Protein chains: 2
Amino acid sequence: MSILTFGHKNPDTDSVCAAIALADLKKKLGEDIAPAMQGELTPESKFVLEKFGVAAPEVVTSYAGKDVYLVDHSDLAQSPDDLGKANILGIVDHHKLGDVTTSQPLECWIWPVGCTCTVIKSMYNFFNVEIPQDIAGILLCAILSDTVIFKSATCTDKDKAACEDLAKISGVDDVQALGMDMFKVKSAVEGTPIRDLVKRDYKDFDMSGNKVGIGQLEVVDLSILDGVKADLAADIATLKKEGGHHSIFLLLTDIIKEGSEVLIVSDDDSVIEKAFGVKPADGKAWLDGVMSRKKQVVPNLEKAFA
Amino acid sequence: MSILTFGHKNPDTDSVCAAIALADLKKKLGEDIAPAMQGELTPESKFVLEKFGVAAPEVVTSYAGKDVYLVDHSDLAQSPDDLGKANILGIVDHHKLGDVTTSQPLECWIWPVGCTCTVIKSMYNFFNVEIPQDIAGILLCAILSDTVIFKSATCTDKDKAACEDLAKISGVDDVQALGMDMFKVKSAVEGTPIRDLVKRDYKDFDMSGNKVGIGQLEVVDLSILDGVKADLAADIATLKKEGGHHSIFLLLTDIIKEGSEVLIVSDDDSVIEKAFGVKPADGKAWLDGVMSRKKQVVPNLEKAFA
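Only a predicted model underlies this, so the values are computations on that prediction, with no experimental measurement involved.

(A) Highlighting the UniProt feature "domain: DHHA2" (unreviewed entry) in chain A. The feature "domain: DHHA2" (unreviewed entry), as annotated in UniProt, sits at residues 179–305 of chain A in this numbering. Helix makes up 39% of residues 179–305 of chain A and strand 29%. Its end C-alpha atoms lie 37 Å apart.

Take a look at the structure:
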């Protein structure tokens, strides 16, 4: 193939499904293009592709000399290391505008919506190309995943409207049930090493000179984590020693109850009370309504540390 | 107004008309928005707005604390100096992707076409908003300007198709004649100081360690420049002395004959013969078919200097 399209490193369901759908659309518009991905499928993405009978893209990590479309990112840090040697034809995304630049004019479809696949659904409409039933199914799943079944603060009316159309095209009667099935797969912890769970979605921050680590595990029911919670608590304590952190917080987010239990190791755990008005006990606290690290946890902690 | 939309520094007709049209479209989509521009109208833009009875946007140079949409650029160098203190809601453009980044998700419509106004014309269609007759007229003119009446190497089928629709909506029977009227205004040199003509569209380049200046004047007929040609030649010689250049080339481009007469002052004018296969005489040469500085002149000269 002369053109490849791919999402960010550590591909999630949006990155994988957006690449597949954009390749389908562009092929129908006359381009010689195939989807790719920068890493292996997550269990969630695997479930989604199998459910709708769609083949996984090839894993490709080097794009030197290739014509490419980026999906679901515009940051160099999320791009292939040799992106500078590729020719970027376009970007389809739903994030802030990153530091990717080009030396040639290009095609960008970037909208402030909950999911790249919402943008791609509109592109099919714009170009008057019919969405195949299987592609509609994976687009639907990607939107349900990125918007946490419409519960995320990033979800917009455009995402919901796209899902309504996509459910009809793909023949999905119960969108909520599909989303739950998908999140159950995502929630699975069995057989995963504890450190991998801690690091599944983990980031270090500098807060007023203090090194603060914040991880997050999203599950459909906190009871899924009952068997590993003590090990998780022990492991973040180890991680804190290894990394010299002031604090490490691990958010165990229940997407149905819409809140997070936070596991805490800290030199001063009063920051949690300052940040959320909740007094921790036994190294944990329940933060009702708190689901977004980016929009809720980080800003409040930054204020508490200031 | 809480939102402003504006084009690049030294606004051209595309930057001005795209801002006006985007504000019209976004207002109809429910946003509280007005067009602005970073500098005064060129004679060409003034002609276009007067012809279709459209008011000029306000000149605004500071955007701190404002919500903004950029049109016709995504480079910080082309943006207001305090863009970092503005909140970028979106970008509509047709250039390569520049170094503007954002801290929030945004809306980008960037296509590899000849003119930003071609993108905006498609946005009206996408959002099912009727294009007013006067707006259609100025969109049409902007596309004719940026594509040099469809002759530029950057012109695409999308630009031509947009102009066909826009001519119907605006009631313009003779698109070619409108383009010529506009370029006659752009060609006018009377009353303009010689140095302003030299610098109207002028850029310095580093070519293998040599400082090379290249200016361009586009006219509908070279005879327009007969009265000032000797003064232009004398002034680039002065400019060369002032700037310590190896060479200065001033392209006098005839958009009808589709070629350029180049005025030359150089420490070694054989570079012109090396670059274009034409031997200069009396400090000038006719370069048949050469109209684009970016796509034709700079690459050939860079090879000749290498």
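(B) Layout of the interface of chain B and chain A. Facing the 22 residues of chain B at the interface are 22 residues of chain A. Counting the contacts that link chain B with chain A gives zero salt bridges. Where chain B packs against chain A, one counts four residue pairs in polar contact (both at pLDDT 80 or more). Contributing elements (two or more residues each) for the side of chain B that touches chain A: β6 (107–110) and α3 (116–126) of chain B. For the side of chain B that touches chain A, the element with the most residues is β6(B), which contributes four residues.

(C) View of the relation of the copies chain B and chain A. Once chain B is rotated about the relating axis by 180° and shifted along it by 0.1 Å, it coincides with chain A to within an RMSD of 0.1 Å. Expressed as an axis order, the relation between the two copies is that of a two-fold axis. In terms of C-alpha distance to the rotation axis, chain B has Trp109(B) as its closest residue, with the C-alpha 2.8 Å off the axis. A shared interface surface links the copies, since 100% of the contact residues of chain B are contact residues in chain A too.

(D) Layout of the packing of helix α3 (residues 116–126) of chain A against helix α4 (residues 133–146) of chain A. All names here are of chain A. It is at 9 Å that the axes of α3 and α4 come closest, and there the two elements cross at 145°. Contact residues: Cys117, Thr118, Ile120 and Tyr124 in α3; Ile135, Leu139, Ala142 and Ile143 in α4. Partitioned by chemical class, the residues of the contact of α3 with α4 number seven nonpolar, one polar and no charged.

(E) Representation of unusual backbone geometry in the model. A positive phi is found at Asn128(A), a non-glycine position, where the angle reads about 55°. Examined against the element boundaries, Asn128(A) turns out to sit in the loop between α3 and α4. Assessed through its relative accessible area of 72%, Asn128(A) is described here as exposed. A positive phi is found at Phe150(B), a non-glycine position, where the angle reads about 70°. Counting through the fold element by element, Phe150(B) comes out in the loop between α4 (133–146) and α5 (157–170).

(F) View of the packing of helix α1 (residues 13–28) of chain A against α4(A). Residue and element names in this part refer to chain A. Two elements in contact, α1 and α4, have axes whose closest approach is 9 Å; the angle formed by their N-to-C orientations is 150°. Judged on the interaxial angle alone, α4 and α1 are roughly antiparallel. Judged by the twist between their axes, the crossing of α1 over α4 is left-handed. On α4, the residues that touch Thr13, Asp14, Cys17, Ile20, Ala21 and Asp24 of α1 are Ile135, Ile138, Leu139, Ala142, Ser145 and Asp146. Tallied by class, residues from the contact of α1 with α4 come to seven nonpolar, two polar and three charged.

(G) Layout of the sheet that holds strand β5 (residues 87–93) of chain B. Spatially, 12 strands are ordered β3(A)-β2(A)-β1(A)-β4(A)-β5(A)-β6(A)-β6(B)-β5(B)-β4(B)-β1(B)-β2(B)-β3(B) in an open sheet, and the strand pairing comes out mixed. The open sheet has two edge strands, β3 (58–59) of chain A together with β3 (58–59) of chain B, and neither has a second partner. In the sheet, strand β1 (residues 3–6) of chain A pairs with strand β4 (residues 67–71) of chain A via four bridges, with the strands oriented parallel. Each residue of the ladder has a partner; that of Phe6(A), found in β4(A), is Leu70(A). Here α3(A) sits on the sheet and contacts β4, β5 (87–93) and β6 (107–110) of chain A; the angle it forms with β5(A), its principal contact strand, is near 105°. Packed on one face of the sheet, α3(B) meets β4 (67–71), β5 and β6 of chain B and runs near 105° to β5(B).

What counts as what
Residues numbered from 1 in each chain as written. Chains lettered and ligands numbered in written order. Predicted model: local features only at pLDDT ≥ 70, side-chain atom pairs only at ≥ 80, totals over all residues. Heavy atoms only, no water. UniProt positions renumbered as here; feature names shortened; annotations may be inferred. Helix = DSSP H or I, 4+ residues; strand = E, 2+ residues; numbered from the N terminus. Contact = heavy atoms within 4.5 Å. Salt bridge = Lys/Arg side-chain N within 4 Å of Asp/Glu carboxyl O. Polar contact = N/O pair within 3.5 Å; in protein donor to acceptor, adjacent residues only side chain to side chain. Least-squares fit on C-alpha atoms with pLDDT ≥ 70 in both. Axes fitted to C-alpha atoms, helices over the stretch in contact; angles between N-to-C directions. Nonpolar A, V, L, I, M, F, W, Y, C, P; charged D, E, K, R; others polar. Buried < 20%, exposed > 50% of the residue type's maximum accessible area, 1.4 Å probe, protein only. Parallel < 35°, antiparallel > 145°, perpendicular 65-115°, else oblique. Left-handed = near helix turned anticlockwise from the far one by under 90°. Pairing = 2+ DSSP bridges.

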